[in-house]
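Examining the three-dimensional arrangement
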Amino acid sequence: MAEIISGTALSATIRSELKCETDKLKAQGIVPGLAVVLVGEDPASKVYVRNKTKACEEIGFYHEQYNLPATITEHEILDLVDTLNHSDKIHGILIQAPLPKGLDFKNIINHISPEKDVDAFHPVNVGKITIGDFDFLPCTPAGVMELIHTTGISVEGKNCVVVGRSNIVGKPQAMLLLKENGTVTICHSKTPDLAQFTKNADILVAAAGKAGLIRGDMIKPGSIVIDVGMNRNEEGKLVGDVDFASAEPVAGFITPVPGGVGPMTITMLMKNTLRSARNHGKNKNL
Ligand code: NDP
């Protein structure tokens, strides 16, 4: 049976470290601040935003939350982003995705100052990651790396397979694994015979958004299996991309859903915000 890697437990440990560092920074007169912008009424987004503001309170960050109606214009959102870009209290700006139809997420992200882009979605930060300059690590992939590190197994020289090539998970995940000298393969919906790749993965990161896509017979015995997927099954239960029941007896290490990657994503967001606040302090010679 695989060893379960608990994102909930790891997250709690990292958050208590972040709280200590935040206290030290506050003693120097800098209070890390995060602005969270929610547009519309998407129920899942509301839960994510609530969890992010809860994490801010737990760690001791200043936070501002903007609940904007779906009827808001893009121009009005850009005005808000400008204000937040210039606010001394705010070190991180987060626009909760997805945005209602008619609003261009990419354009709004491009308006965030790269120094406050704690999600690492701005093209400047994406480019930096590609050339190996890791100012802000993208939150979900960074959380995945922390989970892998807890196994004590080095990524170097391992066959790493990422299933999914989105800009927010799959592609940056591949870059982070590559940075640690993994041999990385990215699979996607046009990959024929997915199992042929996954079966050779020493480290498998599933981020396709398809419930139960990865079954036990597609996994290399003893491998590390990280499940990024968050899907609702027919009963409305939250499930991953990995069929846990058949995968657990085969894998060496496995993350559960929920309680795996999810809490780590928010924790990495907090880490990036703290880092941004620290950089802000350095720039002001505090
Ligand atoms: P996207 O829908 O943007 O991307 C999904 C990717 O998976 C695409 O590249 C797609 O390929 C690929 N894919 C889809 N079906 C298959 C298949 N049958 N075989 C192989 N590849 C496939 O999703 P995201 O990257 O945004 O998210 C992925 C999952 O992770 C979702 O369940 C999401 O909810 C979850 N998530 C979880 C987070 C967390 O904190 N735990 C944070 C972010 C996301 P193609 O490009 O060809 O279409």
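None of these values were measured; they are calculated from a predicted model.

1. Observations regarding the overall build of the protein
The secondary structure content of the protein amounts to 10 helices and 11 strands. Compactness check: the protein gives a C-alpha radius of gyration of 19 Å against a globular reference of 19 Å for 286 residues, within 12% of the reference. Referenced to the eigenvectors of the C-alpha coordinate spread, the extents of the protein come out at roughly 50 × 40 × 35 Å. Within the protein, the fraction of its 286 residues that count as buried is 49%. A separation of at least 24 residues holds for 71% of the contacts in the protein among residues at least 6 apart in sequence.

2. Side note on the sheet that holds strand E6 (residues 183-187)
The strand order across the open sheet built from six strands is E1-E11-E8-E7-E5-E6, with neighbouring strands paired in parallel fashion. Of all strands in the sheet, those bounded by a partner on one side alone are strand E1 (3-4) and E6. Bridge count between E1 and strand E11 (residues 253-254): two bridges; the pairing is parallel. Bridging across to E11, Glu3 finds its partner in Phe253. Packed on one face of the sheet, helix H7 (residues 170-179) meets strand E5 (159-163), E6 and strand E7 (203-206) and runs near 170° to E5.

3. Here's the deal with the site of the ligand
Taken together, 21 residues form the shell around the ligand, and within it Arg165, Ser166, Ser189, Met230 and Thr265 come nearest. Between the ligand and Val228, the relevant distance is 3.4 Å, taken from a nitrogen atom to a main-chain nitrogen or oxygen of the residue. In isolation the ligand exposes 930 Å². Once the protein is present, 71% of that is buried. No other element matches helix H10 (residues 261-283), which puts three residues into the shell around the ligand. Here the residues of the shell around the ligand are counted per class, giving nine nonpolar, 10 polar and two charged.

4. Quick word on the domain arrangement of the protein
How big an interface is tends to be stated in terms of the accessible area lost upon association of its parts. Considered domain by domain, the protein is made up of domain 1 (30-114) and domain 2 (139-262). When each unit is reduced to the centre of its C-alpha atoms, the spacing between domain 1 and domain 2 is 29 Å.

5. Observations concerning the pattern of salt bridges
Evaluated as defined, the whole model comprises seven salt bridges. Across the pair Lys46 and Glu41 runs a salt bridge, and its minimum N-O distance is 2.5 Å. On the basis of relative accessible area, Lys46 is assigned to the partly exposed category, the value being 34%. One salt bridge in this structure joins Lys220 and Asp202, with 2.7 Å as the shortest N-O distance. Of this pair, Lys220 sits in the loop between E7 and strand E8 (224-227) while Asp202 sits in the loop between helix H8 (194-198) and E7, and the two are 18 residues apart along the sequence.

6. Re helix H2 (residues 43-59)
In this model, H2 (17 residues) spans 25 Å end to end at C-alpha, consistent with the 24 Å of a helix rising 1.5 Å per residue. All of the buried residues along H2 are Ser45, Val49, Lys52, Thr53, Ala55, Cys56 and Ile59. What you see down the axis of H2 is that its buried residues fit within an arc of 150°, all on one side. Facing away from the buried side of H2 by over 90 degrees, the exposed positions are Pro43, Arg50, Lys54 and Glu57.

7. Regarding the sheet that holds strand E3 (residues 62-68)
Read across the sheet, three strands follow the order E3-E2-E4 without closing on themselves; strand pairing throughout is parallel. With partners counted over all chains shown, the strands left at the sheet margins are E3 and strand E4 (92-95), one partner each. The sheet shows a mean angle of 15° between the axes of neighbouring strands, direction not considered. Strands in contact with H10 are strand E2 (33-39) and E4; relative to E2, the strand with the most contacts, it is inclined by about 130°.

8. As for the environment of Pro221
Positionally, Pro221 belongs in the loop between E7 and E8. Residue Pro221 is classed as exposed on the basis of its relative accessible area, which comes to 65%. Between the alpha carbons of Pro221 and Asp202 there is a distance of 8.6 Å; along the sequence they are 19 residues apart.

9. Topic: the nonpolar core
With 47 residues, the main nonpolar core has Ile148, Leu177, Ile226 and Met270 as its most contacted residues. In terms of residues, this core owes the most to one element, H10, which gives eight residues. Beyond its immediate chain neighbours, meaning those up to four positions away, Leu177 contacts Met145, Ile148, Val155, Cys160, Val162, Gly182, Val184 and Val205. Val37, Leu84, Ile93 and Ile112 belong to the second-largest nonpolar core, a separate cluster that totals 18 residues.

What counts as what
- Residues numbered from 1 in each chain as written.
- Predicted model: local features only at pLDDT ≥ 70, side-chain atom pairs only at ≥ 80, totals over all residues.
- Heavy atoms only, no water.
- Helix = DSSP H or I, 4+ residues; strand = E, 2+ residues; numbered from the N terminus.
- Rg over C-alpha atoms; globule rule 2.2 N^0.38 Å.
- Buried < 20%, exposed > 50% of the residue type's maximum accessible area, 1.4 Å probe, protein only.
- Contact = heavy atoms within 4.5 Å.
- Pairing = 2+ DSSP bridges.
- Axes fitted to C-alpha atoms, helices over the stretch in contact; angles between N-to-C directions.
- Near = heavy atom within 4 Å.
- Polar contact = N/O pair within 3.5 Å; in protein donor to acceptor, adjacent residues only side chain to side chain.
- Areas by Shrake-Rupley, 256 points an atom, 1.4 Å probe, with all protein chains shown as cover.
- Nonpolar A, V, L, I, M, F, W, Y, C, P; charged D, E, K, R; others polar.
- Domains from an automatic or database assignment.
- Salt bridge = Lys/Arg side-chain N within 4 Å of Asp/Glu carboxyl O.
- Expected span 1.5 Å × (residues − 1).
- Arc of directions from axis to C-beta.
- Core = buried A, V, L, I, M, F, W, Y, C linked by side-chain atoms within 4.5 Å.

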